[in-house]
Structure formats: structure tokens, C-alpha cells
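Chain residues, written in single-letter form:
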Amino acid sequence: NYREVGKLAGNLAAEVLNGRDPATVPIDNVVPEILTINQLALSGLKDTWMIPPALHDQADLVIDATGKHHKAGATAEIPRPPPGKKFKIGIAYFGPDPGAESDMQGLFDGLKTLGFEEGKNLEVRKMHAQGEISNIPGVLQTLDNSDVDVIIPMSTPCITAACGMVKQKPVVFTYCYDPIAAGAGESFTNHLPFVTGIGSFPPVADTVELIKQLVPGVHAVGTLYNTSEANSRKVIEVARGLFAQHGIKLEETAIVNSSEVYQAAQALVGRDIQAIWITGDNTALQGFDGIVKNARAAKLPLIINDPEFTARGALACVGLGFYQSGFATAKPLARVLMGENPRDIPIENVSTKTLVLNREVAQTLGVTFPPALIQAEQAQNAARKVSTPLAKKWQIAEVTYSDTPNVEDALHGVAAGFKEAGLVEGRDYELKLRNAQGDMATLNTIMNAAVTDGSDLILTATSPALQAALKQAQNTPVVFTLVANPFIAGAGKADADHLPNVTGCYFVSPFDEMMVALKQCIPGLKTIGTLYAPAEINSVFFKEKWTEAAKKAGLEVEVVGASSSGEVPDAALALCNRNIGAFCQISDSLSSATFASIVQVAKRAKIPLFAFSSQQAQSGAVVCVARDYFDNGRSSAALAARIMRGENPATIPFGQEQSLKVFVNLQAAAANNLTIPEAIVKKADAVIGLDGKFIQPVAAQPKPIVKATKPTAPAPLAKKWKIRFVEYVQVTDVEDTERGIFAGLEQAGLVRDRDYEVKISNAQNDMPTLSALVDSAVSEGADLIVPISTPALQAAIRRAGSVPIVFTYCANSAMAGASKTLTDHLPNLTGVESPGAYKDLIAMVQECLPNAKSVGTIFAPSEVNTVFHKEQIIKAATAAGIKVEAVPAETGPEVSDAALAVSNRKIDAICQIGGNLTASSFPSIARAAYSAKLPLFASLSSQAEAGAAVVVARDYYDSGVDTGLMMARVMRGEKTADIPIEVFTKTKIIVNLNGAKACGMTIPASVLKRASAVIGGPK
């Protein structure tokens, strides 16, 4: 800093001028430093240069891309958000992929450092295009017409579309190679006035050098990309010249959509190439598994530029750390949220080079990494504090007795715990989730499979799963979570005295704390009740502990047992008839899985319901005092990580989870004439308000409602309602829904032809007819429209105007454009969602076909519900270690061709997702399965009669009942805007023995035993 040097020299001169002899003034040597960053120079570079965010924030002087000088770091220049102000952002992305998730995580972490935190002062709405460019305009149009403050397009196709069609909102982009090529402007400083963001160009030159090191003598490299993606065109343009400079031919294959990726990769490996390189082409990455499969079959090394994909089968990656790109994006986004105009914020290029080597793939291919590469990776990881890989990749079996919110919380905690311990999935371990769906025989079967498959470690969730492991896995390390008492399960005598192969973290519900809350909420309370499961040792243990705590507090306890889900409603009703003042449900697998039915019984009896699981506050419990099951899973994962790093489980004491969470539901309290004390509300971790939405803890409480008199027979409504059912297709499931609606209206005390009249119209699978039916309902003066199916709901949203709507038989209302969340939806509608039971369906495939590795399905890209179903089955199957081959079809004849195409792929079964097109064309799918001798599973009840061997479906009759009850609320005066959308999850199993025989499949006895219906076979 020469200004400071000059000051010091001036001081010396002053001493001489004041008479001091220069000979007596020592010569000084000073090095005052100043760090200056020139973004103006940086913005003109085309290479992968960047200023690391940490260095940027340390700068004494910054010259921004407009030439302005600023002191101090960028963070200091961004004002903190004012207290109480809420911000909304909308994220539009191409499709789910690890790179996008990493970028998003960086974005959220960066925003948090700047004072913007999701769930507090930041609301985030995410929408993606299901991996198809044609879907992007609809996503952006929805966000542009919504109430978000800023739109964040991720991926070049989304940015290109946003630059051309967003009209009302500012745009801050990320997850993009070349924003200029994407259409954001002419340069980083001369860009569209409503757009700014962060670009991240990949290290193409480094990629060429990496390929040369890994494949000595390489003369041809193959690649595939979507020519309509500007980012890919730009990267390939740069790459052609670089490969040519090194005498390497670049064999290019063009693709148009993700369904073409597998076949394109198959053709590519047939050429004379020595390696495959895939840059960040969004379409290619959506079909990445197909590329990996073909590369492996041809024994070709696969090199990529997206680090997050390396673990899925690439040999190596030199690419971008998209987490850092997202983190950097937080700054321009925060500036726009705080009121700056995007035109005044220069675009920046942030490219953090990342090297990742996949040793497992190298061993398979017989490739030896050069020492220099290994050293470079280690140095990079050390600098970033990235953990080193374990000595081996551990095969971990996650085994759980049932699929409940508590289990999901614990398993999410396990994943977080592994990450915190520095373990990377795909590099250090592979997880295979096995779920017994509440069946003990199945639990023993899947535990045996986990042991015989050679699992290195078994991680159990729930006490029944731990008991099964203790019986069958004596020679395999076992780590438990979500267990109340491991000692009565047989795992040990004390925390430090246990079986040599077992450790874990257990919890005991906070009974004393709950007792205090009960007495504060219900002064004068004398008797409380709970259900328990006699077959669950943890449930029996909790029952005894709860009884002890209640008696110590001077309360009587009524207890009723239930052994199956079918017994729970009757047991709950019996308990309510025992003159209890409060229902306080202990935590166990059975009650967790059937909690919705307990809520309904308690609601009808007007008895307040308390619980020990935080998730159950959202389901209708007044107050939940609970242990944190997420933290319980995280603690167990930390113990598992110690074993994976070499510790003996015999020397690791059990842990006990002590965290405490309090959730309050003011809406449920008001429905039960309760006022929650201010002290409880203030200390609550979360509060659900009177409108059903989460709010910050507040003192304000509704006044107690005058207690209702003894109920009498419902009087007629003030008017006879004109109700119009609008249906898209006529199948058994729709008919079941109709019957359920009428039953629900009857349960609500409404009488047909006295309180309402109904007209049912069906479009018979024709979209123009569907729109005409909605128009007809409106013109006839309908008081209530009931769309049955997603297309019918979409038509009603477009054409019903202000007429109240109660929808049903819909997988996801947000995808249909009806809602953002269950409580934040269009004001004139509400309804009942029925997402597909795909975890259950995949578990059924595993039970019937234990060695299944791949299943096929058919979907209609134009049906948003079917696209949602496709995503859900892929998610469920991936978690279970099963691959999904999805083939598109848009018409009935195409379904037949698609069924033949998917049957010819290397799959173990067809597992057909829900959808209107495939439901009406299902016989052609069944014929293809029979011809190929492929076991056929399905997700709609109607498909059992149509030939599916096994159907795992939502019970649409019961979801119809819930719809009818909701309609009655509207007809009695409640506003649709005030009624949260419900999610229906009850499932049934239907077996078709003739269908099983036709496709060469034997149905296990355990499945037949649980089936709601069995078709065919001997009389």
C-alpha cells in the first residue's frame, strides 16, 4: 500500500524538518499490504477465472464490473433484512439432479449468512420441468404470475426461457455455464435490465488433459448433448478446438430429449472411441444412468464435468463446485431482494475447479490413477477440509418395520449424520432401504435377505427391526435408532454392557414434561387415555412408563390395546367412551401409521388429542411434547461412522437422545374449546395458527368457545346445493371415489335430493369434452364443482371462475397449479390429494421378487399427474436399489408400442404407475407383460381386474369419504380458502392369481395373507 508507505516517509521528513539529524533517523523497511480486486478486468475473461468468495470479502478495495470503487467486502455492502419482513423466491430448474441440489444448498447457505433463512423470513417455491425443455415455459409462466419477489432460473434452458418470457419479476440466475450464450445479454456488464446472476464455465482444457492422463494414446473421444441447449453448444464449440490441438477426434451425438439418451449412448459406444466425455448437458444428465450402463458394457472410461455425478459411475471428473456457485449467487439475489435493480448488478463468473476420482470404477476398468492426480485430489480435499475415502465402500442395509413420519425423520437424521461425519454416499457407502410395511413375517424375510446379501452393517429403525436383527445378524455390526428400550429388546444389560456386535441411540418419551403440559392446558383433568400395541415391546414399555408418570401426577389412565390397523378406529372409539378428559397417544409403529384414524375419532368425540411425535401436530394433535427423531437418527449415524472407521461396536456405549421439541396446534385447540397457556405457546418450537399455517410462537389466543350442547340430528341445509361431478375417464377407481363421496356426505348428515342434487359428467378421455363439461356446469349454475382426476381439476381451475371446487383423485395439487402448499392454495378450492403408494409398491416388488434390480413403467409426458407419479416411483425405487426404465406415450396406440419397448429392455418386472392414459389402455400393457413373461405390478385398483398380478393402490373409496366430509363443510358455510388440502395415504393390496400365472409369477403366502381381495385361482 504505497499510500501508507508515503505517509511513513512523510513522518520521517517531518522529523528532519523539525531539526533532527538525518544520520540519527533509522532507515525503515515497512510492507503495508492492501488487497485490491478488479471485477472489471475479470468480467472480460473467457476462461474459468474466479475470485473466491472468502478472498473477495477480505478485500480492502473492490473495483466492480462498472468501474466503481468500493471499500471492504461485498457482504458488508448488503443491508440485513429488516425484522418481520417476509421474502418469497421462486426457483425454476430443469429437473432433479445432484448438481442442481448442490447449487441450491449453496444458495440457501449463502442466503442464511446474509440474514435470509427458509422457514423464518424466506419462503421458497420450487418448480421443475421434469427434464424436458418443452415444460419450462409453463413453469416460468406460473412463477411469473405468482407472488414471488424474484425468480431464480437454474440451468441454461431455464435461463434462456426466463430471459425471453419473464415479464413481471426480476431474475437472478445460477447453475449456468455461459449466461451470455444463454441470452442474458451482450456482456457481464451489458445485460438485460431485469436479469443478473452467476455463471460458471467448466474447465474444458483441464478436461482434455485429464483424459490424456487417464487414457494414454487416446485418439477419439465420444460425447452426446442436446443441440438446443446453449450451454452445451458453447462448451462443445470450445472443446472441438482444444481436442483438435491435441490430435484427438471428438465424436458427437445429438439428442433431443431424455428418453433418447440410452439409445444415443448405445450408438456412441459402437464407434471407434477410447473414452466418453459428458459435460453439463441437462438432457444428458437426466439420462445419466443409461450412459453409465453403456460405458460399463463397452468397458470405456466415462469422464464428466459435474462432480456430484461421479459416484454414479464415472471414472473421474474435473469440473465445477456448484455449491460455491450457489453460495456466490446469494449475494446478487440478496441485493435484489433488498431493492437493488438487477441492471446495476454485474453478472459474475464463479468457477471453483474440483477434481474427483472414482477408485471403484478404476478398479473395474483396470485403470491406475497417476500419482500426480491422486496428490492433486488429496491436496484439494485437504484445502477444502473434504474427508478422505474409507478403505472400502460399506454396504449398509437400512431395515425398518414400517413406513411412518417418525421413521422418515429418523432416516433423514441418519443421512445428515453420515454427512456430518464426512462420509459420502456412493463413495464410502451404499444404502439399501428395506421396509416390512408393518408385517412381522416380511420383516424376518427382509432381515434374512440383508444378512445373506453380505451387508457390512445393518442399521435398524424401530424396536421390531432391532429384535429381528438380534435374532438373525449375530455376526454383522448392528446400529439401532428409533428404539425406546434396547434392553428389553435383548440388546444388552446397560449402556456399556451390551452384545458385542450392537450399538445405537435410544430414546424415552418425555412423559413428565407432557404431564405438566396436560395439567396446564386442562385444569382439573382427572382421566387420560391411550392406545397401545401389545405385540410391540416398545409400546408396552411406553404404556407402563406413561401409566407410572400419570399416577405420580395424580391422574387415572385408561388403556386399550389394538393389534392391527383395522382395530385402531374401534379401539379409539372404545377409549373415548370411557369418560376420559384427554386422549394422549404414546408413540409406537402401529399408532404412528394409523394416527389419522385416531384424530378422526377424537375429533368426532370432541376430546383433545395430545401426542409424543412432533409430526402429529400437523395431523391434528393439540400439543406434542416429543424427542427429536431426526436428532436420534443423526446420533445413531455418528456411532455407525465410528464403526466404519475401525472401532469395535462392543466398545461403543449406547447413547440416549435427550432433545425436547414442543409443537402447538392452535387450530386443533380451538376445535376442542381449549386455550393453550401463553407460557407453552411462547416456548414452543413451532406453532400452527388458527388458519392451519405455521407461525412464530405468539401469546394471542382465541377465547374459549362455548361448549357445544349434545348433538342432535342435522337439520336440512338452507338451500339445495347443485353439485356437478366432472370426470376425465371412467375406471373402477373413479367409481370407487364416487361411492365414497356419497358415503361421506351421508356420514356428514346430508341427504341426497333434500340437501343436494348431483349431476355426473365424464369426458371419456377427451380433453376438449372435459373443458366443455366444466363450462356446462358453470352455465347451469352449479354451487359446487367436484373434479375427479388431475385433468378435470386443471380444467376447473381454468374455467370454473369463482365457483367453489372440492377436488379428489388427484396425485399432487401443486403440480396441477392448484396450490403451493396444503394450506396455501387457490381461494375457491380445496380437496383431497392421493399420492401414489410407490414405497409400498416397490416394497411389494422386493417381497415378490427379492432379486429384482430393474422395473419398467410407461408415462404420459403431457399429464402432470403421471409425470409426478414417475418421479415418485423413481425416488422410491432408487432408495431401494432398483432402477426404473420409463418409456413415454401420448396416445392409446403409443401405449401399446411403449409396452412392447419396455418389455424388451433388461427389466425384472413392469411396475405401472397411475395415469389416465395408461389406465384406459392398461390391457395392452398386460398383453405385453404376458408375452414377455414379465411379472406385472400396478398402482390402480382397476388394473387388478385388467390383468395385473399385484396391485398396491390407494383406497379411493375411503379418499372419497374424506372428500364427501370436506364437501359438507363447504356446504355448511366454511370457506374453501380456509380448509387445508388433505393428503390421503390409506393403501390396499389386490392380487390377481390368473394374472400372476399368465406372467409366470408365484405370489408369496405373506402377500396373500395381507391382500384386501384375491381374484381368480381355485374356488
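Procedures and definitions
- Residues numbered from 1 in each chain as written.
- Predicted model: local features only at pLDDT ≥ 70, side-chain atom pairs only at ≥ 80, totals over all residues.
- Heavy atoms only, no water.
- Helix = DSSP H or I, 4+ residues; strand = E, 2+ residues; numbered from the N terminus.
- Rg over C-alpha atoms; globule rule 2.2 N^0.38 Å.
- Buried < 20%, exposed > 50% of the residue type's maximum accessible area, 1.4 Å probe, protein only.
- Contact = heavy atoms within 4.5 Å.
- Salt bridge = Lys/Arg side-chain N within 4 Å of Asp/Glu carboxyl O.
- Pairing = 2+ DSSP bridges.
- Right-handed = clockwise from strand over helix to strand, strands pointing away.
- Axes fitted to C-alpha atoms, helices over the stretch in contact; angles between N-to-C directions.
- Parallel < 35°, antiparallel > 145°, perpendicular 65-115°, else oblique.
- Left-handed = near helix turned anticlockwise from the far one by under 90°.
- Nonpolar A, V, L, I, M, F, W, Y, C, P; charged D, E, K, R; others polar.
- Lys, Arg positive; Asp, Glu negative; His and termini not counted.
- Phe/Tyr/Trp six-rings, centres within 6.5 Å; stacked < 30°, edge-to-face > 60°.
- Lys NZ or Arg CZ within 6 Å of the ring centre and 35° of its normal.
- Expected span 1.5 Å × (residues − 1).
- Arc of directions from axis to C-beta.

1. Focus on the overall build of the protein
Stage number 1. When helices and strands are tallied, the protein shows 39 helices and 44 strands.
Stage number 2. In terms of overall size, the protein behaves like a compact globule, its C-alpha atoms giving a radius of gyration of 31 Å where 1019 residues would be expected to give roughly 31 Å.
Stage number 3. When the backbone C-alpha atoms are referred to their principal axes, the protein occupies close to 105 × 75 × 70 Å.
Stage number 4. The buried share of the protein, reckoned over its 1019 residues, is 55%.
Stage number 5. Residue pairs at least 24 apart in sequence account for 71% of intrachain contacts in the protein once pairs closer than 6 positions are excluded.

2. What to know about the pattern of salt bridges
Stage number 1. By the definition in use, this model includes 36 salt bridges.
Stage number 2. Glu430 is paired through a salt bridge with Lys393; the nearest N and O atoms lie 3.3 Å apart. Placement of Glu430 in strand β17 (residues 429–435) and of Lys393 in the loop between α15 (371–383) and β16 (394–400) is noted, with a sequence separation of 37 residues between them.
Stage number 3. Look at Glu430 and you get partly exposed, because its relative accessible area is 34%.
Stage number 4. Between Glu780 and Lys759 there is a salt bridge; the shortest N-O distance is 2.9 Å. Remark: Lys759 occurs in strand β33 (residues 756–762) and Glu780 occurs in the loop between α29 (767–779) and β34 (784–788); sequence separation between them is 21 residues.
Stage number 5. On the basis of relative accessible area, Lys759 is assigned to the partly exposed category, the value being 36%.
Stage number 6. Through salt bridges with shared partners, a single ionic network connects Arg724, Glu757, Lys759 and Glu780.

3. Quick word on the pairing of strand β37 (residues 854–859)
Stage number 1. The buried fraction of β37 amounts to six of the six residues, a majority that puts the element mostly inside the structure.
Stage number 2. Neither face of β37 is open: one carries Ser854, Gly856 and Ile858, the other Val855, Thr857 and Phe859, and all of them are buried.
Stage number 3. Sheet topology note: the β37/strand β38 (residues 883–888) ladder contains six bridges and is parallel. Bridge pairing in β38 places Thr857 opposite Ala886.
Stage number 4. Chirality of the crossover, the property in question, places the unit of β37, helix α32 (residues 864–879) and β38 among those that are right-handed.
Stage number 5. Relative to strand β39 (residues 909–912), β37 is paired through two bridges, and the arrangement is parallel. Opposite Gly856, over in β39, you have Ile910 as the bridge partner.

4. Describing the environment of Gly319
Stage number 1. As for its placement among the helices and strands, Gly319 is situated in strand β13 (residues 316–320).
Stage number 2. According to the relative accessible area criterion, Gly319 is buried, its value standing at 0%.
Stage number 3. Distance in space between the C-alpha atoms of Gly319 and Ile303 is 9.9 Å, their sequence separation being 16 residues.
Stage number 4. Look past the residues within four positions of Gly319 in its chain and what remains in contact with it is Pro203, Asn305, Pro307, Thr352, Lys353 and Thr354.

5. So, the packing of helix α21 (residues 568–576) against helix α23 (residues 595–605)
Stage number 1. In contact at an axis separation of 9 Å, α21 and α23 are set at 30° when each is read in the N-to-C sense. Taken together, the axes of α21 and α23 lie roughly parallel to each other. You can see that α21 and α23 cross each other, and the crossing is right-handed. The residues of α23 that touch α21, namely those facing Val568, Pro569, Ala572, Leu573 and Cys576, are Ser597, Ile598, Val601, Ala602 and Ala605.
Stage number 2. The residue makeup of the contact of α21 with α23, split by class, is nine nonpolar, one polar and no charged.

6. Structural notes on the environment of Gly749
Stage number 1. For Gly749, the location among the structural elements is in the loop between α28 (732–747) and β33.
Stage number 2. Classification of Gly749 as buried rests on a relative accessible area of 18%.

7. Regarding unusual backbone geometry
Stage number 1. Notably, Thr462 is not glycine yet its phi reads approximately 95°, a positive angle.
Stage number 2. With respect to the secondary-structure elements, Thr462 resides in the loop between β18 (457–461) and α18 (463–472).
Stage number 3. Judged by relative accessible area, which is 4%, Thr462 ranks as buried.
Stage number 4. Notably, Asp753 is not glycine yet its phi reads approximately 75°, a positive angle.
Stage number 5. If you trace the backbone, Asp753 turns up in the loop between α28 and β33.

8. Looking at the environment of Lys7
Stage number 1. Locating Lys7 in the fold gives a position in helix α1 (residues 2–17).
Stage number 2. Put simply, Lys7 and His191 are 184 residues apart on the chain and 42 Å apart in space, counted from C-alpha to C-alpha.

9. Comments concerning the sheet that holds β16
Stage number 1. Spatially, β17-β16-β18-β19-β22-β28 is the arrangement adopted by the six strands of the open sheet, whose pairing is parallel. In this open sheet, the two strands that pair with only one neighbour each are β17 and β28 (655–657). Ignoring which end each strand starts from, the neighbouring axes of this sheet average 15° apart.
Stage number 2. Bridge count for strand β22 (residues 502–507) against β28 is three bridges, and the pairing is parallel. Within the sheet, the bridge partner assigned to Tyr506 lies in β28 and is Gln656.
Stage number 3. Along the sheet, α18 contacts β16, β18, β19 (478–481) and β22; its crossing angle with β18, the most-contacted strand, is approximately 150°.

10. Considerations on the packing of helix α16 (residues 405–420) against helix α25 (residues 629–644)
Stage number 1. Axis separation between α16 and α25 bottoms out at 6 Å; the angle between their running directions is 40°. Considering the angle they form, α16 stands oblique to α25. Between α16 and α25 the crossing geometry is right-handed. Together, Asn406, Asp409, Ala410, His412, Gly413, Val414, Ala416, Gly417, Phe418 and Glu420 of α16 and Tyr629, Phe630, Gly633, Arg634, Ala637, Ala640, Ala641 and Met644 of α25 make up the contact between the two elements.
Stage number 2. When grouped by side-chain class, the residues that make up the contact of α16 with α25 number 10 nonpolar, five polar and three charged.

11. Here we look at the side chain of Glu398
Stage number 1. Relative to the helices and strands, Glu398 resides in strand β16.
Stage number 2. We note that Glu398 is buried and unpaired, the nearest opposite charge coming from Lys839 at a distance of 9.5 Å.

12. Observations regarding the packing of aromatic side chains
Stage number 1. Applying the stated rule across the entire model yields 19 aromatic pairs.
Stage number 2. Ring plane angle 35° and centroid distance 5.8 Å describe the contact between Phe511 and Trp546, whose orientation is recorded as tilted. One end of the pair, Phe511, is in helix α19 (residues 511–521); the other, Trp546, is in helix α20 (residues 537–552), and 35 residues separate them in sequence. Residues Phe511 and Trp546 agree in their burial class; the two are buried.
Stage number 3. Centroid distance Tyr809 to Tyr956: 4.8 Å. Interplanar angle 75°. Geometry classified as edge-to-face. Here Tyr809 is found in strand β35 (residues 805–810), whereas its partner Tyr956 is found in helix α37 (residues 956–971), with 147 residues between them in sequence.
Stage number 4. When its relative accessible area of 10% is taken as the criterion, Tyr809 is described as buried.
Stage number 5. Through a chain of ring-to-ring contacts, the aromatic side chains of Phe507, Phe511, Phe541, Phe542, Trp546, Phe612 and Tyr629 assemble into a single cluster.
Stage number 6. Across the ring face of Tyr532, the terminal group of Lys543 is positioned such that the distance to the ring centre comes to 4.4 Å.
Stage number 7. Over the aromatic face of Trp721 sits the side chain of Lys719, whose NZ or CZ is 4.6 Å from the ring centroid.

13. Here's the deal with the sheet that holds strand β40 (residues 936–938)
Backbone-to-backbone hydrogen bonds join strands into a sheet, with any given pair of strands oriented parallel or antiparallel.
Stage number 1. Spatially, the seven strands line up as an open sheet ordered β38-β37-β39-β40-β41-β43-β44, and their pairing is mixed. Looking at the sheet topology across the chains shown, the edges are occupied by β38 and β44 (1013–1015). Direction aside, the axes of adjacent strands within the sheet are offset by 20° on average.
Stage number 2. Sheet topology note: the strand β41 (residues 950–954)/strand β43 (residues 987–992) ladder contains five bridges and is antiparallel. By the bridge assignment, Val950 is partnered in β43 with Val991.
Stage number 3. Of the strands in this sheet, β37, β38 and β39 touch α32, which is tilted by about 165° from β38.

14. Regarding α29
Stage number 1. Helix length check: α29 (13 residues) gives 19 Å between terminal C-alpha atoms against 18 Å at 1.5 Å per residue, within 8%.
Stage number 2. Taken together, the buried positions of α29 are occupied by Leu770, Ser771, Leu773, Val774 and Ala777. In a view along the axis of α29, the buried residues occupy a sector of 155°, so they form one face of it. Across from the buried face of α29, at angles greater than 90 degrees, the exposed residues are Pro768 and Ser779.
Stage number 3. For α29, the secondary structure elements touched by its buried residues are β32 (721–727), β33, β34 and α30 (790–799).
Stage number 4. Phi for Gly781, located one or two positions after α29, is positive at around 80°.

Interpretation note: all reported values are geometric properties and have no functional meaning in isolation.
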